[in-house]
Every structure is written in C-alpha cells, then in structure tokens.
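Results of the structural survey
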Amino acid sequence: MKEKTIRKKKKRLIFRAAMLTVMIGLVVFALVANGKDDQVAVAKGEEAPDFQLKKFGTEETVRLSDLKGQGVMLNFWATYCGPCKDEMPYMEELYDEYKEKGVEILAVNLDSTELVVENFVNEYNLSFPILQDKKGQVMDLYNIGPIPSTLFINPEGDIEEQVIGPLTLEKLEGYLQEISPEE
Amino acid sequence: MNEITCECGHVNPEGTVLCESCGKPVEGNQHIDGNDQKELLNMRYDGSARRSQTYNRTWVDKIWNFFSSVKVGVWLIFITVIASAVGTIFPQEVFIPGNADPATHYRDQYGIAGQIYYQLGFHDLFSSWWYMLLIAMIGISIVIASIDRFFPLYKTLKNQKPKRHELFMKKQRVFGTTETQNVDVERFKANLKKRRFRVYEQDGHLLAEKNRFARWGPYVNHIGLIIFLLGALLRFVPAFYVDEFIWVREGETILISGTDGQYYIENKAFTLETYDKDNPDDARFKEAIENQNGAIPKTFRTDAVIYERTNSDVTGAEAELEQVKEGASTMNNPLKFGDYALYQASYQLNEFKEMSFKIHDKDDESTNYGEFTVDLTNPQSTYELDEGYRVEIANYFPDYELEDGEPVSVSKYPRNPAFVFQLFPPGESEPETSFLGIGANVDAGGENEYKLGLTEFDVRDVTGLTVKKDETLWLIAFGGAVFMIGVAQGMYWNHRRIWLQPRSDGVWIAGHTNKNWYALRMEIDKAIEGTGIEAPVDQHEMKS
C-alpha cells in the first residue's frame, strides 16, 4: 500500500474517533444531567456543601465545616410530616451513644412557626440540635424534595449515604456506624 | 485500498461509482448505486465515493458506518415518531393531578396498560432516557451522514470536467442526439449565459451549470438542526437555563430558588382584580359580565421588591440584603432583574394571617373579659391580658386535619388554623382547656365557665411565581434560522447542468437536475432555440 493512502487512512480513523467521542460525550452529558434533574438532594460521593444555621431556641449557630472530623447525620424534617415523626424517636434513642463515638445529628427543621416546633421538641424530648431553616436556604442548597430526607456525611465531609423517605431503627444504626470516625 | 484511475486519466478514490472528472461508470462499482441492470444512471451524490460504503475495518468504522446509513436514520426517526404517538395515549406526568403519585396513579387509572406505560417511562416521555437516546442517535446520524455525503459530493462537483464519457451522456435521463453539421454553438452558449448558466468549455465539449449551491441546502439545514439540538442541550446547564417555581406570601421575604442564593424577594402585595360592570372603564363589557356567573379576573399582579445578597457568607448565615429593584409582575409582563425574570403564574387567596379572640361567659356572648390577637406565622406561647386573664397556647395546628382521631397539621401554612387554648382566669392555677378551629369550639372538659370566641381575622394572599432564566434562546433561534435558510436553499433553487458533446455526425446533448425535470427541459428548449440542436427527450418518461 502506498504511504500516502496509509496516512490518509490513519487521519480518517482519528477524525472519526474524535467526532464519535465528542458526540458520545455530549449524549452522556445530556443523560446524566437529565437524571440529575429528577434526583433530589446532593448525590452520594459528593462533598456536602457548607452552611450555617441557628440552633433552635438559642442564639448559637452551627456550621457544618466546623464538624469536620466527625460524622454528621443531616436530617430534613418538619412537624407536619408524618414519617418524620416516626423516625425522631429512633434518632433520639441512638443520639447519646453515637455522640460519644463522634457522630453529630443535625435536624434541619422546615417549619415556619416556632411555637409548633417548640411543642414538638418538648413532646418528643429531643436532645439533639434542631436547626431552623425558615427561609429555606439550606433546603434549596441541598435541593431537598420530599421529606424526610437524610444525608449521612462522613468525617471527610463527603456524602456517604442518602436516604429519601423514612428510616428504620436498624437502617439508621447501620448508617450511623458507617460514618463513625475510626477510633 | 485501491485508487481507480479512469481512462480519462483522473484518479478517483476507492468506491467511486462515476468518474469524478468524466463521469464514466467505474467498472465493478455499479452495484453500489444499483446501476448494473438499469439503462439510466443513478445520479445521487453524482456517483461519488461515499466513505461509509467502502471502509469497514475497525469498530470505529463500524459505528461510523451504522450512523452514516440513511436507512438507519429513517428508522430512528420512525421509531421516535411512534414513541411520541404512544406518549399521547395517557396524559403526561405534568398533567396528572398534582397530589397524585405517578407510581400508583397510572395503575389505578388505566390498569395494567397504565402500569406498563409508567414503567417504560412514557409518562414523562421527553425526559425518559431512551427517548433522549433516540433523539441523540438521530443527531449523531445527521452529523455523520452529512459528513459522509457532503465532502465527496463537493469534491466530485469541483472535479467535474465538461468532457464527459459517452456512457455517462447516454445514460442521463434527459438525452438527445442531433445529426447535422449546422449547429450554432456560439448562439447556444449565448442563450445559456442569458439564462444565467455558467458555461465551461473543454475541447469543444460544453458544460453549463447553475445553482450548484442548492445542493448544499440539506447540509445547511442539518447544521441548523445540530445548532438547535446543542441549544436544547445547554438547557441542562444551570448557568444557561433556570426554570423554578416559588410561593411567596404577602409580607414575606424569601430566597428566590435557582439564583444560587443571590436574590431574595419580598412580596409587598398580590392583587387579583376582577371586571366590574359599574366601573366606567369596564362599562363596555357590561353585558358579557352580566351573562357570566361569578367574577371574571382582569389582572393578576404581584408588587414585589427584589434584594441582592451583598455578603458572600456561608449559606444560612444572616443575609445582608440590598434592594436592587422594586416593581410589579403581571400576567405575561415579568418582573426582570439581572438575568432572571419572574412570571406571575399562580396564586392562593385569603390565607389566614392573624386571628383575634375574646373571652366571654360560656352562655353570654355579649360579655367581654379581654381580647388578644394571635399572629399565625409566629404565635406566642402565652398571652397576658390586661384584665388578669392569661391564655396559653398548648397546641397550634396551622393546617388542621383530623387523622385517625388525632388532630394534626398537614402543612406549615395557616390555611385552616386550630388551637388548643388553656385559659387561666385571674388567680386560678387550674386552666380551662378548649379546642378552637374554623367552625369548631369544643369545651374539652365540659365544665368550662368561659369561652373563647373569634372576633376578627386578617388574611393575606400568596403569589406563585415562575423564576426563569434562558440564555439558550438566541442559540435555538439561530439554529432555527440556519435550518430555514437550508430549507429555502434546497427548496427554491434547483441545481441544473446541461452537457453538449461534439460528435462526428453532429452533437449529443444531456441534462441533469436534482429536481423539477420539467423546468429543466423547458430551459433546454429555450437554450436550443435557433441553434439547430434538436430537443432531447426524457428517457425516464419514455419508458413509463
């Protein structure tokens, strides 16, 4: 075969491969972006975006980045959401044990009326920090759809697990174990 | 890979059907365009070597050739059309009732067919992965098929010479012979030029050509389509496209979704105006208004203030806001700020905001032992009244409903507020408990002396706004414009060529066009006027 034709052939192969790569790349981008649209909350494996919110009933604020090195369970809830009520006692039950192991539970509340939240917290005797997101900023940041939605953040600050919908006690304990810092 | 040297001396690439220069059918390649059994030549792409028909060695070539096939492209379009049609059998997800869960709705409403419909993703067709994949494959097919056809065709038309092979002439659809020595070639050339043909000459052979650019129409059209698709693709990038929806209550300041925490909105007022037959402005509609039962909305308007966050602190921290705009959004007249526009899209009227109560004797509503007002968005836990009475809110349900015999709130919005009040008369430590809601006033113990009565309430409206940002429109419009230019280019102009070949006993004439053969023959008829050349015939028509 002539050298010229071999060169031409090679050039053609490179051109075709490049065109196909670009087009398949665009298609993959479209499919992934489309999938992301439906998906709520920050995806597994991504870094949890930082935020800062007031602790309910105090002037104290909690900032996520200050909790690096600890596991963080980030729970989005509201008093008017039935399944949220069901999982609150589980969280309360495990809170002290895992607090000692270096896992913090942050329950971001989406209610707008403080009295309602106060009554709820008293009724359920909740001791973990309740954070208030009255303007919905953190909810927007995390792209939260239906509640309850729970994110388990590992000590490195990445999302380890993402649960949309209610948790059972066993599941909750399993996830908390996953994000416990190594001894 | 073998190049083909034609007897005219031109070197053609492998897979050529008709010599690029003289048009002689290349032996052994006639099956490609199905010419072997036919009397006429298939002139598509001028017999150029379409690469897809020749190289098929690596898997890259195999994928390439798959998409290069027009047959595959047509199938892809056909499947997409069928899928789109099926997608109209049951309503799309956006049109089912808002509170219905699509996972169960389709099965409940349409049975097993609905279940299948849902599971295959027909309920949200345009976002289902396989539908998008079909569109993407059509896009890829358009690109590859165009590349594979445009370049060879361009090269062939560029390389064509006036001197044509006998067989090429004879096998043209429009062909004629003239046996005379008196042919006025100069007049023929002049006639052609008058008809705006470009005339090329080689050893007495003539080629007259016009409107070659019409052949590029389909490719221009495809470029437009690809630009259009790229514009649609950019809509997945939030920097280019935002489409969100927010509810804002009167008096409330909230974050505008989709603006990356940058903009906030305060709803000053929502107004729903209706037509009023007594208003002089609306007097001309009097009859129509009277014929209609109920109010006819005239304007939906939100008066709002837009704030921009000035501190770039972490999300959730107290935002420092600076007013950037104050204005109104009415139907189809959005409130614009930055790259965003807020469209009036929905509303809810008369959500409770404040409720006032008074304490009176259980049996006598005219008595009054004190009044207090509850701000429903931020109720206090205790209300101390001047008269020495104290009222505590033991429980508050903003959106009250009875669920399994238990009072619960189904949302955070005070749409149907209900309270459990504890009333402490002066000096008493034992409260009287009562439950109060809209249309409900229950004495919990049955032994209460006092009763709480609703005296007044205040309501507010909620506006629903669509947050829009669209930086892709110009690209989509540009793609559409290119598309139309391509359509016009290929549609309203025809590529016409006329060949004249000197023979020992006269001349041969042949003609080709990509469409509108009748017009070509008319044109030839005019061009041969007074030249002694006989009118050619349409060999295709003769056969049928």
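The structure presented is a predicted model; accordingly, all values stated were derived computationally and were not measured.

Parameters at a glance
Residues numbered from 1 in each chain as written. Chains lettered and ligands numbered in written order. Predicted model: local features only at pLDDT ≥ 70, side-chain atom pairs only at ≥ 80, totals over all residues. Helix = DSSP H or I, 4+ residues; strand = E, 2+ residues; numbered from the N terminus. Rg over C-alpha atoms; globule rule 2.2 N^0.38 Å. Buried ≥ 20, exposed ≤ 12 C-beta atoms within 10 Å, placed from the backbone. Contact = placed C-beta atoms within 7 Å. Nonpolar A, V, L, I, M, F, W, Y, C, P; charged D, E, K, R; others polar. Domains from an automatic or database assignment. Pairing = 2+ DSSP bridges. Axes fitted to C-alpha atoms, helices over the stretch in contact; angles between N-to-C directions. Bend = angle between axes of the 7 residues up to and from the residue. Core = buried A, V, L, I, M, F, W, Y, C linked by C-beta atoms within 7 Å.

So, about the overall build of chain B. When its secondary structure is counted, chain B shows 11 helices and 24 strands. Computed over the C-alpha atoms, the radius of gyration of chain B is 40 Å, more than 25% above the 24 Å expected from 2.2 N^0.38 for a compact globule of 544 residues. For chain B, the proportion of its 544 residues judged to be buried stands at 30%. Taking as baseline every contact in chain B between residues at least 6 positions apart, the subset at least 24 positions apart corresponds to 60%.

What follows concerns the interface of chain A and chain B. Interface size is often expressed as the accessible area that is lost when the parts come together. Tallying the contact residues gives 37 residues for chain A and 35 residues for chain B. Of all the elements, helix H1 (residues 3–38) of chain A adds the most residues to the side of chain A that touches chain B, at 13 residues. In the side of chain A that touches chain B, the residues fall into 19 nonpolar, 9 polar and 9 charged.

Moving on, we come to the environment of Phe 483 of chain B. All names here are of chain B. Within the secondary structure, Phe 483 sits in helix H9 (residues 473–492). Through-space distance from the C-alpha of Phe 483 to that of Pro 417 is 57 Å; in sequence the pair is 66 residues apart. Here Phe 483 is in contact with Asn 221, Gly 224, Leu 225 and Phe 228, once residues within four sequence places are set aside.

In terms of domain boundaries, chain B breaks down into domain 1 (4–158), domain 2 (172–211 + 494–543), domain 3 (241–349 + 464–470) and domain 4 (353–456). Summarising the inter-unit geometry, the C-alpha centres of domain 1 of chain B and domain 4 of chain B are found 71 Å apart.

Another point: the sheet that holds strand S10 (residues 321–330) of chain B. All names here are of chain B. Read across the sheet, 4 strands follow the order S7-S8-S9-S10 without closing on themselves; strand pairing throughout is antiparallel. At either end of the open sheet lies a strand with only one pairing partner, and these are strand S7 (253–255) and S10. Here the average twist between neighbouring strands, direction ignored, is 30°. Across 11 bridges, the pairing between strand S8 (residues 263–274) and strand S9 (residues 297–309) is antiparallel.

Once that is clear, we can look at helix H2 (residues 82–100) of chain A. Along H2 of chain A, the sharpest change in direction is near 45° and occurs at Leu 94 of chain A. Looking one or two places after H2 of chain A, you find Gly 102 of chain A, whose phi comes out positive at around 95°.

It is worth spelling out the nonpolar core at this point. If you look at the biggest cluster of nonpolar residues, it comprises 58 residues, and the most contacted ones within it are Met 73, Leu 106, Val 108, Ile 147 and Ile 153 of chain A. Once you skip the residues sitting within four places of it in the chain, Met 73 of chain A turns out to touch Val 103, Ile 105, Leu 106, Thr 150, Phe 152 and Leu 176 of chain A. One finds Leu 18, Met 169, Val 174 and Leu 520 of chain B within the second-largest nonpolar core, a separate group that totals 28 residues.

So, on to the pairing of strand S20 (residues 440–443) of chain B. All names here are of chain B. As paired elements, strand S19 (residues 432–437) and S20 share 4 bridges and run antiparallel to each other. Considered in S20, the bridge of Leu 436 is made with Asn 441. Hairpin connection between S19 and S20: a loop of 2 residues separates the two successive antiparallel strands, and Gly 439 in this loop has a positive phi of roughly 75°.

Bringing the domain arrangement of chain A into the picture now. What the domain assignment lists for chain A is domain 1 (1–38) and domain 2 (52–178). Centre-to-centre separation of domain 1 of chain A and domain 2 of chain A, based on C-alpha positions: 46 Å.

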